[in-house]
Amino acid sequence: MNSTQALITYDAILAITGKMLTAAQNDKWDQLILLEQECRKLTEMLIKHDPEPILDKELLQKKVKIINQILADDAQIRAITAPWMTKLQDMLNTNGRTRSLQQAYQPINDM
C-alpha cells in the first residue's frame, strides 16, 4: 500500500466514523453495527499492510489530523452507546434472574 492508498483508506475510515456518529445520535443501532463492520474491514486492511509507507511532513500532518478526528468521533460514539449498553446489560441480567426465579418456583408437574 503506497502513501496515497493509505491516506485514502484513512479518509474512508473517517467518513464511516462520521456516519457511525450520526447513526448513534439518531438511535439507528442496526446501521451503526453495519458501519462498524465496514470500518473494521478498512482498519484490518491498514494493519495487513503494516508497515505503512513513510509519509512526507505534509502527508503525515494530514494523517495525524484524520486520526485525531476519527478518535474524536469514536469518543462521541462511545459516550452515546455506553449508557445504552449498560441499560441493555441490566435488562439482560433482569431477564436472566426472572427466568431463574420462575424455574426455581415453578410447580413440579406429576407424571
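Our structure's up above, just so we're on the same page.
All values derive from a computational prediction rather than experimental measurement.

Visitor: Just to check I follow, could you spell out the side chain of D73 for this structure?
Guide: Tracing the sequence through the fold places D73 in helix α3 (residues 57–105). Buried charge D73 goes without a salt bridge, the closest partner of opposite sign being K19 at 12 Å. Not counting the four nearest positions on each side in its chain, D73 is found in contact with L14, T17, G18 and L21.

Visitor: Hey, could you run me through the environment of I33 in this one?
Guide: Looking at the secondary structure, you find I33 in helix α2 (residues 29–48). As a C-alpha pair, I33 and M20 span 13 residues in sequence and 8.3 Å in three-dimensional space.

Visitor: What exactly am I supposed to notice about the nonpolar core here?
Guide: Grouped burial of nonpolar side chains is what soluble globular proteins tend to show. Counting residues in hydrophobic clusters, the biggest one holds 17 residues, and the most contacted among them are I13, I16, M20 and L32. Listing elements by their share of this core, those giving two or more residues are α1 (3–25), α2 and α3. Residue contributions to this core peak at eight residues, all from α1. When residues no more than four places from it in sequence are discounted, the contact partners of I16 are L35, E38, C39 and L42.

Conventions adopted
- Residues numbered from 1 in each chain as written.
- Predicted model: local features only at pLDDT ≥ 70, side-chain atom pairs only at ≥ 80, totals over all residues.
- Heavy atoms only, no water.
- Helix = DSSP H or I, 4+ residues; strand = E, 2+ residues; numbered from the N terminus.
- Buried < 20%, exposed > 50% of the residue type's maximum accessible area, 1.4 Å probe, protein only.
- Lys, Arg positive; Asp, Glu negative; His and termini not counted.
- Salt bridge = Lys/Arg side-chain N within 4 Å of Asp/Glu carboxyl O.
- Contact = heavy atoms within 4.5 Å.
- Core = buried A, V, L, I, M, F, W, Y, C linked by side-chain atoms within 4.5 Å.

Nothing here speaks to function; it is geometry throughout.
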